[in-house]
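Here is what each chain is made of, one letter per residue.
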Amino acid sequence: MRRPICLFQDLEVEPVLFLLFFRPPPPRCLSERMLTAIQLKLEDMEDGVDIGLTNASAGTSLEPVPRGSSGPLPPLVERRGSLAGYDNRPVLPPTISLTSPRSTMALPPADSKVSADNKKKRAWWCWPTSEAEANRMVLIDDPVGNAPSKFRDNHISTSKYTWWNFFFKNLFEQFMRLANMYFIFISLLQQIPGVSPTGQWSTLGPLAAVMLVTMVKEAFEDVKRHRADVAENTRLTNVLREGKLSKVEWQQIRVGDIVRLSANEFIPADVVLLSSSEPMSIAYIETANLDGETNLKIRQALPATAEIADPSATGIRVTGTVESGPPNNKLYEFEGSIDIRRHKHPLGPQQLLLRGAQVRNTGWLYGLVLFTGRDTKYMQNSNKKTIKRTKVERISNIAVVILFVFELLLAGVCAGINAGWRNINGTKHWYLAFPESESGIGLLYPFLTFIILYNNLIPISLYVTLELAKFGQAYLINNDEKMYHKESNTYAVARTSNLNEELGQVEYIFSDKTGTLTENLMIFRKCSIAGKSYGGDDANLLGTPGIDVPISHKHFAFHDADLGNDMHEGSSRSLVIREFVSLLAVCHSVVPSRDENDPDNIMKIVYQSSSPDEEALVEASNHLGYVFVARTPTEVVVRNPEGVHEHYQLLNMIEFTSSRKRMSVVCRCPDGRIKVFVKGADTVIYERLGPDQPYADACQEHMRLFASEGLRTLCLAVAVISEEAYASWSRLWDEAALAVQGRDKKLEQVAELIETNLSLLGVTAIEDKLQQGVPETISTLMSAGIKVWVLTGDKQETAINIGYSCALLTESQNGIVLNEPSKEFAAQRLSGLLKAFVDSPPPRLPDVPTPDLALVIDGFTLAFALEPDLKADLLRLGTACKAVICCRVSPLQKAQVVSLVRDNLKSITLAVGDGANDVSMIQAAHVGIGISGVEGRQAAQASDYAIAQFSYLQRLLLIHGRWNYRRVSKLIAYCFYRNIVLYITQFWFTIFNGFSGQTLYERWTISMYNVIFTFFPIVAFGLIDQDIAEDVVFAFPQVYVDGIRQGQFNTRVILCWVANAVWHSFLIFMIPMYSSSFDVSDSRGFPMTLDHLGYTVFSCVIMVVTLKIALETRYWSSVNHVFTWVSLGSWFIFMVVYGTIWGWGPTFNVGKETYFVFADLFSSGTYWFVVILTTTCCLWRDVTWKYVERTFLPKPRHILQERQYIHKQKNVVHPFRAQSPVSTLCSTGPSLNARSSRPFHTGFAFSEEEIQLGGAFSTLDLSMKVKETSMQGTGFGARTEWLKRKASQLSRENTTSSELLQIDSIGSTITHHPLPAQQLPSSSSTVVPDDAEIPRAEPSIDNSEPSTGSDGSGSAGSDTSSRKAAELDVNHTS
C-alpha cells in the first residue's frame, strides 16, 4: 500500500503550508498562491534548502503542524536552482514527484480536527481523488517526468468489438432486447423432457438464424472500422526524440512530445503550436474533417516560443510546463498556460491545433502534444449520440407486452381446461394413462407446454425484418437523385435509419433562417454613414471609380456616386466615412490568400472567412477604396484610396460570441492613436454609446427602413483610448487571459470596461439571398398540415419581412406581435390574447373562412414567456397559430422553444438548421435535419438527416417520410398478423384434442415459417412499396395529414389486424378440419393422418398470409414479384424436399412423420380444392371491405389512388403537372401544390423578384366518383365546391389552360374536355382572384393556401411589403 509522506516547511505564509508527495499521481492539494510562495522562498535561498519529511502510517490522520513548532526533520533531498527553466530541474529521488498542483484546493486551518471518517480516507482534503482529471500539467519533452501522470496513448479505436470479445459482447447486446430474452427463455423450456410439443429446437433454430443475421451485419460494419483504425494509427510523422527527428507512428506519440509537421500533413494529436516557418509564427489549417468548413483558419504561436526554429538542428532542449483544463469536446474553446523561463503565458484557441485538421500554406511547424487518443477533441466528439425511439416503435413495444400477457392468459386457460378435461375423462379414456392425482409440478407442466405452443404469437423475426427494411429505406434516401445538389456535389445523408417513419408524422417544424431558408450568400446593398443613407438600385455600377480592387463581386452590389464625392470632399462627413470604411477593413478575422505565382498582385487576393457577413464587409471596404492587403498576428495592412499602405497594429482582438453579439478590435492606428473598433447588433451597440450622438436617430430610422426591406443590419462604432487608460486595461486583460478556469467569462467582463463611450459611425445593410424553392416548400408543408416556426436572430422588422417573402405570413392572417418590456406586461398580453382567440374566439360568419393566426415574438419577451409560470400560456397561443416567428433569439432559446413543444404535446417535432448555433435545437427535436451550408457541417454532423437545400425537405417528408411511415406501420402490423394466424390455429386444434397441447404442425415447418416462407415479401414491401405516386403527393399534400393523426398505426389499427388474424385462423383451421371427413384415405388407400391435416392447414396459412401482403401492396415491381411468388413456391418445394429426405439413408434421420405426405396431398383433388376455398373465404372479407371503404367511406388517399390508376390506364405521363409556369418548376425540382394559384416569391429573399403561378388545377385530367358527404371530415368536400366555382370561372374566361374541368349538376363526376388547338393559352399565367379561395372544412386541417395577394404584394423590395410589416402590430388582435 502506498504510504503518504508529509512535508512541513515554514514559508512565512498563512496558513502553514503542507505538501503531500505521491507517486503516482502528482499532488492535488496546493493552490497557485501557495505554489508561488514556495517557488519564491526557494529562489531566495542561494545554497539550497534542506526539505524535511515526516512519515505517516496508512491509518493515522494527517494534520498540519502549527507554525513555530520545532523538531529535527531528516533530510530528504537537496533542492538547487529555480522551479522552472531550461535543463535545470530539482534533483529528486525516483520515488517522489515534485510537480505543480492539478487543481486549487484550500487547506484547513492549523487547528482543524480530522473526523474519524476522514481518517479512514487518509485526510480527504489532500488525498488524490478518483474523479475526472481536474487540470492537466505536462512537462515539455520529458517522458520520464510525465510518466507518473499516466496519460493516454495516442492509439484510437472506433470499433465496437475486438476479435476475442465479439461473439460474447454481441450476444450480450442482442439478449438485452426483451424479445430475444423471451425467445431464449422459450428455448430453454423446450429442453425440458416431456414439456415441448414442438421439439427441442423449433424456437432456438429460428432465433439463431435471426441473431446470426444481426451478428454478420455487426461484424461487417466493425471490420470496416478496424481497417480505418489501423490506417489511422500507423500513419507516420516526425517526432523529436533525444534531440533528433524520427519517423514515428501516430499511435506511439506521447503527451509532451514535440512534433514537426509539414504542409498538407494531418495533425496527429491535439498540439500546442510552438513555432512555424511563416512570419510571426503563423500557421494555416483546414478543419473540414472536424466541422466541415473548408476555409483556412489562422493560428499563431506565442512570441515566447516562436524563437524555436529547429530544435533538431540546434540541439537546444526545450523545457518548461504547460497547464490546461481537462479533456473536453468543445472544438472552439481552450484555456491553458505555458511556463517558459519562469514566465507564464496564456494559451487559447489560437495556439491549439486539433487532431484531424490539416496543415495548409505553411512550410513547417513545431508543436507540443497536449491531448492524445481518446482525450483529443476529435475523439471526444465521436461519442455516440443518444438513440431516439420513434412513436411507432413505442406502440409496437406496448403491443408486444400485451401479446405476451395474452399468451400467458391463454396458456393458463388452456392448462386449466386441460386439468378439468382429464378429471372428467380420466376414467373413460383409461388408455391414456392419466395420473390419479396432480401435484404442483404436474399442473405446471401443461402451462409450460402451452407457453411453448403459443410462443410465436410474438413474431420472432420482427426486429430483424424492421432493421433490414429501415436500412434499405436509408439507402434509398442516400441515393435519391432528386435530393442531389449538383453545385456542392452533395447527396442527402441518413445518419440514422431509426427515425425513417418519424419523418412521415411531423407536425411542427422549427427552422433557422440564415443559411437554412437563405443561401447564406451575403451581398452588401446599402449603408448609412454619418446620418446619411447610401445605396442605389443599379447593381451593375460597382465601387468607387478609378480604384483597383480584387476582382470578386460575389458579395458586393452597391453604388452611390454621393458616397465617393462625400469621401473626397474634405469635410467632417468625409472623415466619418473614412473611419467607417477603415473599420470595415480592420475589424474582422478574414485571412487573405495571395496567388503563389503572383503574390504582389492584389487583384488576385482571395479572402478566407468562416463568416459570409465578414467576407461581404471586407469586400465592400475594398470596393469603397480601403483594400485589405495583408494580415499578421500583430498588424493589419490596408491600402487607402490614395494608394498608401496603412499599418494598423493589433493590440487586442475580442471575438464575436452569441452572447456578446459584437466584435471589437483594439489597435494602434497609423496616426499613433489607440482606437477601439466595434461592430455588432444595434441592441448592444446603442446601449454602449456615449452622450451626444448626432447620428443615432437618423441611423435608427435608416435601420428600420433597411430591415423593412429584409436587409441584415450591423452597427459600427469607435472609441479613442488614451495610453494610460489602455495600459491599465491591458493589465486586467492579461490577468484574465492567464486564468485556466472560466477564462472566457472573465475576458468578457474585462471587455465591457473598454467597450464604452462609443461614437456611432453608421450602419451596414446586407442582403441574404433566399434559397430556390423555399416559398413553395413552406407553402406545400403548411398545406400538408405542418406548422412552421422560424427561429432567427434577426431584427423584428427583418423577421416579419422574411415571413412574407417565404410565404410563411400572408395578408389574410391575423397578426400578433409580442414585444413586451417586462414579465408583467408579457403575462397580461398572453392572457388577453388567449381569451380573445383561444378561449372565446370571435363568431364565424356563414361561408366566410376564419382567418389564421400568426405570431411574432422577440427574444426579450420570449425569455419572460419561457419562465415556468408563463410557458403554458405561450404554448397554447403558439399552437393556435398557423405560423410563428421568434426573432432575436439565442441558441439556448431555440432549444427551449423546441423542448417546450416536444415535452408538452404528443406531436412529432422537427428542427432544421445549418450552423453550430443550431445544434442544440436539432438535438432537442424528435428529428434533427442539418443543412450542409456555408457555415460548415456542424449542424449536419449533429443531425439525424442531412440535406443540401431546404427545398429538399418537402421531398424528405412528403415522399420518403410518408412512404416509410406507411411501410413500417404495415410491416409491424403484418408481422403480428402473420404469427397470430398461424398460432391461433393451434388453439382451435387444441379444442379438438382435449387441450392436451398437441401441435398441429411438424416442428421444422414451424421453425422456417418466419425466416423463409413469409420473410421476403414483407421485406420487399417495407423497402419499395408506394401507395401514391410522388407527383400526386406533391399535388395534394393534404394526404400527409394521415401521418400526423397516426392514421396508419394506432391501437384501433392493431386491434383490427389482430381481429382479422383471429378470423382468418378460424377459417383456415375449420374448413380443412371438416373437409377432411370427405377424403379419409389417400390414393394408396391409407388413411389420412395428422400430418396430412397439418400440411393442409399450413398450406392454407402460407397462401392466405402471402396473398394478404400482396393485397396490401400498391406498387408492384420485379422485386415484389420475385420475392412474393418465389417465397410462396418455397413452401411447396420444401414439402417435396423435406418429404423425401428421410428416405435418403440413415444419416438423414429427420422427416419420418412427413415422409411422402406431399405425394398424397398433391395427388388429392380435395387438398387443392380446400386450399383454394380457404384462401378465397379468408380474403373475400378483405376484398369486400376494401371495396366498401373505397366506395362509401373513401379517404383522401383512396381518391388519389383511383385518379392515379385512371390516368395510368390512359397513359398520361404526368397527370398532376400543369402546362404552365408550374410545369417548369415541377420538371426541375420538387413539385408545387397543384391547387396553388397565388403568387409566390423566389430568387432574392427580400428583393422585387417574384413569379405568379397559374391555376394548376385547370390541367387536372380527372374522371371518378366523389361522394361529397363522405369527404367532409377530410376537407375534400369543400374542395369540390371550390372546383365547381373554378370550372365555371375558367369556362367564362376560356384563357387559362389546355383542359377544362366540367362538373355535372350533382357535383360528383369530374371529366376533362381538351380544348381545340387554336384555344390554347399563351405562356403567361392567369392569377386566380381572391374570391376563389378554398373554403375550410371543419374540423379538418386548413386547406387554404397561404396567400401573398393577387396584386403581387409581399415583395420585399416593394412599398407594399413595408406596409405589411408595419401593419402587423400589437393592436391587430381584434
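Preceding this section is the structure that the text describes.
Just so we're clear, the structure is a prediction, and the values are computed from it rather than from any experiment.

> I tried to follow the overall build of the protein chain on my own but got confused; where do I start?
A tally of regular secondary structure across the protein chain gives 42 helices and 42 strands. Among the 1374 residues that make up the protein chain, the fraction classed as buried is 56%. Long-range contacts, defined here as pairs at least 24 residues apart, represent 74% of the contacts in the protein chain between residues at least 6 apart. When the accessible surface of the protein chain is totalled, it reaches about 57,900 Å², and 58% of it is carbon and sulfur.

> Just to check I follow, could you spell out the packing of aromatic side chains for this structure?
Any aromatic ring pair is given by two values, namely how distant the centres are and how the planes are angled relative to each other. Throughout the structure, instances matching the rule amount to 42 aromatic pairs. Taking 5.1 Å as the distance between ring centres and 10° as the angle between the ring planes, the aromatic pair formed by Phe 1134 and Tyr 1138 counts as stacked. Taken together, the residues span about one helical turn, with Phe 1134 and Tyr 1138 both in helix α36 (residues 1118-1140) at a distance of 4 residues. For the residue pair Phe 1134 and Tyr 1138, the accessibility class agrees, reading buried in each case. Three or more aromatic residues link up through ring pairs in this structure, and these residues are Tyr 1001, Tyr 1009, Phe 1013, Tyr 1095, Phe 1098, Trp 1131, Phe 1134 and Tyr 1138. The lysine or arginine in question, Lys 1108, covers the ring of Trp 1057, its NZ or CZ lying 5.0 Å from the ring centre.

> Would you explain the pairing of strand β7 (residues 236-241) in this entry?
Regular strands place side chains that alternate from one sheet face to the opposite one. In the sheet, β7 pairs with strand β8 (residues 244-249) via 6 bridges, with the strands oriented antiparallel. Within the sheet, the bridge partner assigned to Leu 236 lies in β8 and is Glu 249. Where β7 folds back onto β8 in an antiparallel hairpin, the turn is made up of 2 residues, including Glu 242, whose phi is positive at roughly 55°.

> Can you help me understand the pairing of strand β9 (residues 258-262) in this one?
A large share of β9 lies buried, amounting to 4 of its 5 residues. Here β9 runs beside strand β18 (residues 364-371); their pairing, made up of 5 bridges, is antiparallel. Along β18, the bridge assignment pairs Leu 261 with Leu 365.

> I keep staring at the sheet that holds strand β12 (residues 296-300) and nothing clicks. Help me out?
With respect to topology, 3 strands assemble into an open sheet ordered β12-β11-β17, the strand pairing being antiparallel. Edge positions in the open sheet fall to β12 and β17 (358-360), since each of these has one partner strand only. Each strand axis lies, on average, 45° off the axis of its neighbour in the sheet, ignoring direction. In the sheet, strand β11 (residues 282-286) pairs with β12 via 5 bridges, with the strands oriented antiparallel. Opposite Glu 286, over in β12, you have Leu 296 as the bridge partner.

> Would you take a moment to explain the pattern of salt bridges for this structure?
Two side chains with opposite charge may pair up if their charged atoms get near one another. Per the stated rule, a full pass over the model turns up 47 salt bridges. Across the salt bridge formed by Glu 501 and Lys 470, the nearest N and O atoms sit 3.1 Å from each other. Residue Glu 501 is found in the loop between β19 (493-494) and β20 (506-511), and its partner Lys 470 is found in helix α12 (residues 462-478); the two are separated by 31 residues along the sequence. Lys 470 shares its class with Glu 501; the two are buried. Close ionic contact of Arg 1181 with Asp 1182 constitutes a salt bridge, the shortest N to O distance being 3.3 Å. Here Arg 1181 falls in the partly exposed class, since its relative accessible area comes to 34%. Via salt bridges that share partners, Arg 660, Arg 662, Glu 687, Arg 688, Glu 752 and Glu 755 belong to a single interconnected network.

> When you look at the nonpolar core in this model, what are you seeing that I'm missing?
Soluble, globular proteins show a tendency: their nonpolar side chains are buried together. Counting residues in hydrophobic clusters, the biggest one holds 90 residues, and the most contacted among them are Ile 972, Val 1101 and Trp 1131. A per-element tally of this core places helix α28 (residues 952-992) first, with 17 residues. Setting aside its immediate chain neighbours within four residues, Trp 1131 contacts Thr 1005, Phe 1013, Tyr 1095, Phe 1098, Ser 1099 and Ile 1102.

> Teacher, can you tell me more about unusual backbone geometry here?
Generally, phi is negative for residues other than glycine and the peptide bonds are trans, each holding for most cases. Of note, the phi angle at Arg 342 is positive, near 65°, even though the residue is not glycine. The topology assignment puts Arg 342 in the loop between β14 (336-340) and β15 (343-347). Take Arg 342: its relative accessible area is 48%, and that puts it in the partly exposed class. One non-glycine residue, Arg 888, adopts positive backbone phi at about 60°. By secondary structure assignment, the location of Arg 888 is in the loop between β35 (883-887) and α25 (891-904).

> Looking at this model, I keep getting lost on helix α38 (residues 1165-1192). Mind explaining?
The periodicity of an α-helix, 3.6 residues per turn, causes residues three or four places apart in sequence to face the same way. An ideal rise of 1.5 Å per residue puts 40 Å on 28 residues; α38 measures up with 40 Å between its terminal C-alpha atoms. In the structure, α38 departs most strongly from a straight axis at Leu 1179, where the bend amounts to approximately 30°. Buried within α38 we find Tyr 1167, Val 1170, Val 1171, Thr 1174, Thr 1175, Cys 1178, Leu 1179, Asp 1182 and Glu 1189. Buried-residue contacts for α38 involve α34 (1051-1075), α35 (1090-1112), α36, α37 (1157-1162) and α39 (1196-1209). The N-cap residue of α38 is Ser 1164: its side-chain oxygen and the backbone nitrogen of Thr 1166 are 3.3 Å apart.

> Looking at this model, I keep getting lost on the sheet that holds strand β13 (residues 321-324). Mind explaining?
Working definition: the strands of a sheet are paired by backbone hydrogen bonds and lie parallel or antiparallel to each other. The antiparallel open sheet is built from 4 strands, whose spatial order is β6-β13-β14-β15. Of all strands in the sheet, those bounded by a partner on one side alone are β6 (136-139) and β15. Within this sheet the neighbouring strands show an average axis-to-axis angle of 20°, counted without direction. In the sheet, β13 pairs with β14 via 4 bridges, with the strands oriented antiparallel. Bridging from a neighbouring strand, Thr 321 pairs with Asp 339 of β14.

> In this structure, what is going on with the side chain of Ser 1099? I would like to understand it.
Inspection of the secondary structure puts Ser 1099 in helix α35. For Ser 1099, the contacting residues outside a window of four places in its chain are Trp 1131, Met 1135, Tyr 1167 and Val 1171.

> Please clarify how helix α20 (residues 774-783) should be interpreted in this entry.
Of all 10 residues in α20, 10 are buried, a share of seventy percent or more. Taken together, the buried positions of α20 are Val 774, Pro 775, Glu 776, Thr 777, Ile 778, Ser 779, Thr 780, Leu 781, Met 782 and Ser 783. Immediately downstream of α20, the backbone of Gly 785 shows phi near 90°, a positive value.

Calculation criteria
Residues numbered from 1 in each chain as written. Predicted model: local features only at pLDDT ≥ 70, side-chain atom pairs only at ≥ 80, totals over all residues. Heavy atoms only, no water. Helix = DSSP H or I, 4+ residues; strand = E, 2+ residues; numbered from the N terminus. Buried < 20%, exposed > 50% of the residue type's maximum accessible area, 1.4 Å probe, protein only. Contact = heavy atoms within 4.5 Å. Areas by Shrake-Rupley, 256 points an atom, 1.4 Å probe, with all protein chains shown as cover. Phe/Tyr/Trp six-rings, centres within 6.5 Å; stacked < 30°, edge-to-face > 60°. Lys NZ or Arg CZ within 6 Å of the ring centre and 35° of its normal. Pairing = 2+ DSSP bridges. Axes fitted to C-alpha atoms, helices over the stretch in contact; angles between N-to-C directions. Salt bridge = Lys/Arg side-chain N within 4 Å of Asp/Glu carboxyl O. Core = buried A, V, L, I, M, F, W, Y, C linked by side-chain atoms within 4.5 Å. Expected span 1.5 Å × (residues − 1). Bend = angle between axes of the 7 residues up to and from the residue. Polar contact = N/O pair within 3.5 Å; in protein donor to acceptor, adjacent residues only side chain to side chain.

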